[in-house]
Amino acid sequence: MNDSVVYWLKANYRASGTMAMDASPAVFMRDAMKKLAKRWQKRFDDVAAKLADRFAGQAQKNSDVSLYNALETAGFTVPFKMTPAMNNALQATITENVNLITSIPEQYLTQVQILVMQSVGRGRDLSMLTDELQKRYGITRRRAALIARDQNNKATAVMQTARQQSLGITEGIWRHSHAGKEPRQSHVKADGEKFDLSKGLYLDGKWTLPGEEINCRCTWSPVIPGI
């Protein structure tokens with residue numbers, strides 16, 4: 001998307017410099033941006049549902065494998081079936097992911113349009129506009145990476161909670177990841193604490209499950225009755 005936007009904006013920017021004296025470069029570039037935005041928003045809209053469905057399905061599979069191995073190690077063999085709670089968690093994860101995927105081009109294209117209008121207003125400096133677009137692309141890429149990590153953690157937490165509760169597991173023990181340069185102190189202190197899977201732990205003024213907070217990499221160990 002970024003490569004396409006930069007290419008077409010450069011072409012339209014040069015074209016706007018050869019316009020008639022009574023024409024408006026701002027209007028010309030605005031119309032060009034509308035076309036680009038419409039094209040790319042549609043492409044993201046088309047692929048969002050497929051990506052989200054694949055992601056959520058993989059998150060569920062990974063969480064099930066992890067729990068299955070833990071139960072097998074403890075001497076249990078339990079058939080995993082799709083329950084109403086599991087399906088609800090899966091659909092909620094897909095919906096949230098669709099919204100986040102489609103938000104990436106929305107945010108990016110809005111930023112680009114602002115930059116284009118600023119550049120036009122300051123005399124159509126193509127070099128400066130190109131540099132700014134590349135900087136903004138870095139920001140958007142980091143946002144995409146953050147969304148990917150955050151959604152993976154959240155989806156895993158939601159899927160594991162639903163699956164474990166369907167098997168009669170109601171408690172977990174918080175495990176801090178010990179990753180990240182600036183860990184949440186409340187999460188560090190929570191390491192080893194037992195909590196109710198239906199609520200989580202009460203941290204920083206609210207009930208929280210491991211992996212729910214942005215960039216939280218904490219996990220938990222299920223408390224298996226009788227073990």
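Residues numbered from 1 in each chain as written. Predicted model: local features only at pLDDT ≥ 70, side-chain atom pairs only at ≥ 80, totals over all residues. Heavy atoms only, no water.

## Some details on the pattern of salt bridges
Close approach of charged atoms allows side chains with opposite charge to pair. Tallied over the full model, the rule gives three salt bridges. The salt bridge involving Lys154 is made with Asp150; its shortest N-O contact spans 3.4 Å. Here Lys154 and its partner Asp150 are both found in helix H4 (residues 126-166), four residues apart, which amounts to about one turn of the helix. Overall, Lys154 belongs to the partly exposed group, its relative accessible area being 22%. What makes Asp150 buried here is its relative accessible area of 9%. (Salt bridge = Lys/Arg side-chain N within 4 Å of Asp/Glu carboxyl O. Helix = DSSP H or I, 4+ residues; strand = E, 2+ residues; numbered from the N terminus. Buried < 20%, exposed > 50% of the residue type's maximum accessible area, 1.4 Å probe, protein only.)

## Side note on the nonpolar core
Residues Val5, Leu9, Met33, Leu109, Val112, Val116 and Leu133 are the most contacted members of the largest nonpolar core, which totals 25 residues. Elements supplying a minimum of two residues to this core: helix H1 (2-16), helix H2 (25-73), helix H3 (84-121) and H4. Among the nonpolar cores identified, the runner-up in size contains 15 residues, and Leu71, Phe195, Leu197 and Leu201 belong to it. (Core = buried A, V, L, I, M, F, W, Y, C linked by side-chain atoms within 4.5 Å.)

## Looking at the layout of surface pockets
Rolled over the atoms, a probe as big as a water molecule pinpoints where empty space is left. Here the largest pocket defines a volume of roughly 470 Å³. Taken together, 18 residues form the lining of the largest pocket, with Phe44, Leu51, Ile101, Ile104 and Ala144 sitting closest to its centre. Within the residue set of the lining of the largest pocket, elements represented by two or more residues are H2, H3 and H4. The greatest single-element share of the lining of the largest pocket, amounting to seven residues, is contributed by H4. A class-by-class count of the residues in the lining of the largest pocket yields 12 nonpolar, four polar and two charged. What the second largest pocket holds in volume is close to 210 Å³. Lining of the second largest pocket is provided by 14 residues; of these, Ala179, Glu182, Pro183, Arg184 and Asn215 occupy positions nearest its centre. Each residue belonging to the lining of the second largest pocket can be placed in one class, and the counts come to five nonpolar, five polar and four charged. (1 Å grid on protein atoms, 1.4 Å probe; cavity = no way out; pocket = protein on both sides within 12 Å on 5 of 7 lines; lining within 4 Å. Points joined across faces, edges and corners; volume = space filled by probe spheres on them. Nonpolar A, V, L, I, M, F, W, Y, C, P; charged D, E, K, R; others polar.)

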